[in-house]
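# Notes for the structure review
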Amino acid sequence: MSVLVTGGAGYIGSHTCVELLNAGEEIVVMDNFCNSKPEAVERIKQLTGKDFKFYEADLLHPDEMETIFAENEIEIVIHFAGLKAVGESVQKPLLYYHNNITGTLILCETMKRHNVKKIVFSSSATVYGNPHTVPIKEDFPLSTTNPYGSTKLMLEQILTDLNVADPEWNVTLLRYFNPIGAHKSGLLGENPNGIPNNLMPYICQVAEGILPQLNVFGNDYPTHDGTGVRDYIHVVDLALGHLKAVEKAREIGGVNAYNLGTGTGYSVLDIVKAFETVNQIKVPYVIAPRRAGDIPECYADPAKAKEVLGWEAKYGIEDMCRDSWNFIQKNK
């Protein structure tokens, strides 16, 4: 029996594949490479010394999904595949709703046909909207401020409704905070196609000289330095959270939501300064207008993940900045 990893060549997916294989799990991986690269698949094999089946496939193509399930004994699905840029989702809402929701519906329909009813869903802290207080707990009210977040919240509801209709559906909702960093080998990291939408790849491209400066979107938020505060989590910690979620899904049923974060908030400028200090390189920046859909402050209370999953983040902000730059330096 295998774990199917959708979007397994992507940033978080590829790191999760490494941790699954290192823990002795059998995996099947699919990706359409819309925001990832084929090299990631080979590097997963290189890092682990293990082979696995890979399919270049798209969730929006039911025949391709049917082939994957027909050719493999799938026990559980970790569902990463989806578009994920907040700013782009505001500009292209139909693209996000179609890709993320329709793709997941096709996945779930295929799972149902093949009697696969365990899913670990890649959700997001965006489902908490603009929280009234921080740190954020799993039982906080849910709302969204952008179409990307809305797709995550709608999919959480759809998966919950599946469980209501058929309690055999076992649903784990992992609400990520802000993953950054890279594998310490430098073989895997975040390397988006085109201009980056996330902070760390943007910082790295500025440090490389590819982009002239970092745009800091807003310095008038009610935070310690006016810039947005987020809970940044090392991608390897996040990957290990998925491994723990898979293990727990074999023990308990129902619908279970967990925050995956460190519980500490850092501002945009905190990250810039830490990156400059750790890597001994300047990152020029300018203050730009606030970005649609952004909120002032967002960080986790990760106590439930520690108590139930036995998981907690181990890596600090210096590790995240060092590993991110190491990946870029080794993959110019």
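Residues numbered from 1 in each chain as written. Predicted model: local features only at pLDDT ≥ 70, side-chain atom pairs only at ≥ 80, totals over all residues. Heavy atoms only, no water.

Let me state the cut-off plainly: UniProt positions are given in the numbering used here, feature names are shortened, and annotations may be inferred rather than shown by experiment.
Going by an unreviewed UniProt entry, the protein chain carries the name UDP-glucose 4-epimerase and comes from Massiliimalia timonensis. On record in UniProt, under Subunit (unreviewed entry), the comment for the protein chain is "Homodimer."

### Describing the overall build of the protein chain
Short version of the rule: For helices the rule is a DSSP run of H or I covering at least 4 residues; for strands it is a run of E covering at least 2, with both sets numbered from the N terminus onward. Put simply, the radius of gyration uses C-alpha atoms, and a globule should come to 2.2 Å times the residue count raised to 0.38. Burial status follows relative accessibility: with a 1.4 Å probe on protein chains alone, a residue under 20% of its type maximum counts as buried, one over 50% as exposed, and anything between as partly exposed. Contacts between residues were defined by any pair of non-hydrogen atoms, one from each residue, lying within 4.5 Å. Under this rule, positive means Lys or Arg and negative means Asp or Glu; His and the chain ends count for nothing. All charge positions are set by atom: Lys at NZ, Arg at CZ, Asp at CG, Glu at CD.
From N to C terminus, the protein chain includes 11 helices and 14 strands. A globule of 332 residues ought to have a C-alpha radius of gyration of about 20 Å, and the protein chain, at 19 Å, matches this closely. The principal-axis extent of the C-alpha atoms belonging to the protein chain is close to 50 × 45 × 40 Å. Across the 332 residues of the protein chain, 55% fall into the buried class. For the protein chain, restricting intrachain contacts to residue pairs at least 6 apart in sequence, the fraction spanning at least 24 positions comes to 80%. Averaging the coordinates of the 29 positive side-chain charges in the protein chain and doing the same for the 41 negative ones gives two points 3 Å apart.

### Some points on the sheet that holds strand β12 (residues 266-267)
By way of backbone hydrogen bonds, the strands of a sheet pair with one another, either parallel or antiparallel. Defined as follows: Here, any two strands with at least 2 DSSP bridges between them count as paired.
In spatial order, the strands read β12-β9-β14; together these 3 strands make up an open sheet with mixed pairing. Looking at the sheet topology across the chains shown, the edges are occupied by β12 and β14 (297-298). Bridge count for strand β9 (residues 229-230) against β14 is 2 bridges, and the pairing is parallel. Counterpart to Val-229 in the pairing with β14 is Glu-297.

### Looking at the side chain of Asn-256
For clarity, the threshold we go by: Polar contact is defined as a pair of N or O atoms within 3.5 Å, subject to the rule that within protein one atom must be able to donate a hydrogen and the other to accept it, and that residues adjacent in sequence are counted only when both atoms are side-chain atoms.
Summarising the element assignment, Asn-256 is placed in strand β11 (residues 255-260). The exposure class assigned to Asn-256 is buried, which follows from its relative accessible area of 16%. One polar contact links the side chain of Asn-256 to the main-chain carbonyl oxygen of Gly-253, over a distance of 3.0 Å. Leaving out residues up to four positions away in the same chain, Asn-256 has contacts with Val-171, Thr-172 and Leu-173.

### Focus: the packing of helix α1 (residues 11-22) against helix α2 (residues 39-48)
Stated formally: Comment: axis = line fitted to C-alpha atoms, over the contacting stretch for helices; angle = value between 0 and 180 degrees taken between N-to-C directions. Note on terminology: angles under 35 degrees are roughly parallel, angles over 145 are roughly antiparallel, angles of 65 to 115 are roughly perpendicular, and the others are oblique. Helix crossings are classified by the rotation of the near helix relative to the far one: an anticlockwise turn of less than a right angle makes the crossing left-handed, while a clockwise turn makes it right-handed. When residues are grouped by polarity, Ala, Val, Leu, Ile, Met, Phe, Trp, Tyr, Cys and Pro land in nonpolar, Asp, Glu, Lys and Arg in charged, and all others, Gly among them, in polar.
Two numbers describe how α1 lies on α2: the axes approach to 10 Å, and their chain directions differ by 30 degrees. In terms of their interaxial angle, α1 and α2 are classed as roughly parallel. Of the two possible hands of crossing, α1 and α2 adopt the one that is right-handed. Contact residues: α1 offers Ser-14, Cys-17, Val-18, Leu-21 and Asn-22, while α2 offers Ala-40, Ile-44, Leu-47 and Thr-48. Considered class by class, the residues forming the contact of α1 with α2 number 6 nonpolar, 3 polar and no charged.

### Quick word on the pattern of salt bridges
We apply this condition: Here a salt bridge means any side-chain nitrogen of Lys or Arg lying within 4 Å of a carboxyl oxygen belonging to Asp or Glu.
Considering all chains together, one arrives at 17 salt bridges under this definition. Residue Lys-117 is joined to Asp-166 by a salt bridge in which the shortest nitrogen-to-oxygen separation is 2.6 Å. In this pair, Lys-117 is assigned in the loop between α5 (93-113) and β5 (118-124) and Asp-166 in the loop between α6 (147-165) and β6 (170-176), connecting sequence segments 49 residues apart. By relative accessible area, which is 14% here, Lys-117 ends up buried. Here Glu-251 makes a salt bridge to Lys-248, at a shortest N to O gap of 3.0 Å. Overall, Lys-248 belongs to the buried group, its relative accessible area being 18%. When salt bridges that share partners are traced, they join Glu-25, Glu-75 and Arg-250 into one network.

### Concerning the sheet that holds β6
Taken together, the 7 strands give an open sheet; going across it, the order is β3-β2-β1-β4-β5-β6-β11, and neighbouring strands pair in parallel fashion. With partners counted over all chains shown, the strands left at the sheet margins are β3 (53-56) and β11, one partner each. Strand after strand, the sheet turns through a mean of 15 degrees between neighbouring axes, direction not considered. Where strand β1 (residues 2-6) and strand β2 (residues 27-31) come together, 4 bridges link them in parallel fashion. Along β2, the bridge assignment pairs Leu-4 with Val-28.

### A word on helix α7 (residues 199-208)
Of all 10 residues in α7, 9 are buried; the element is thus mostly enclosed. Along α7, the residues that are buried comprise Leu-199, Met-200, Pro-201, Tyr-202, Ile-203, Cys-204, Gln-205, Val-206 and Ala-207. For α7, the elements touching its buried residues are β7 (178-180), β8 (214-217), β10 (232-234), α9 (268-279) and α11 (317-330). Residue Gly-209 follows α7 closely and has a positive phi angle near 90 degrees.

### Notes on the packing of aromatic side chains
Condition: The aromatic pairing rule takes the rings of Phe, Tyr and Trp, using the six-membered ring of Trp, and pairs them if the centres are within 6.5 Å, calling planes under 30 degrees apart stacked, those over 60 edge-to-face and the rest tilted.
Counted under the stated rule, the structure contains 2 aromatic pairs. The interplanar angle of 75 degrees and the centroid separation of 5.7 Å between the aromatic rings of Phe-275 and Trp-325 together place this pair among those described as edge-to-face. With Phe-275 in helix α9 and Trp-325 in helix α11, this pair connects stretches of sequence that are 50 residues apart. Since its relative accessible area comes to 0%, Phe-275 is described here as buried.

### As for helix α8 (residues 235-249)
We apply this condition: Here the expected length of a helix is defined as 1.5 Å per residue gap, with one fewer gap than residues.
When the terminal C-alpha atoms of α8 are compared, their 21 Å separation across 15 residues agrees well with the 21 Å that a helix rising 1.5 Å per residue should span. Where burial is concerned, most of α8 is hidden: 12 out of the 15 residues are buried. Residues of α8 that are buried include every one of Val-235, Val-236, Asp-237, Leu-238, Ala-239, Gly-241, His-242, Leu-243, Ala-245, Val-246, Lys-248 and Ala-249, and no others.

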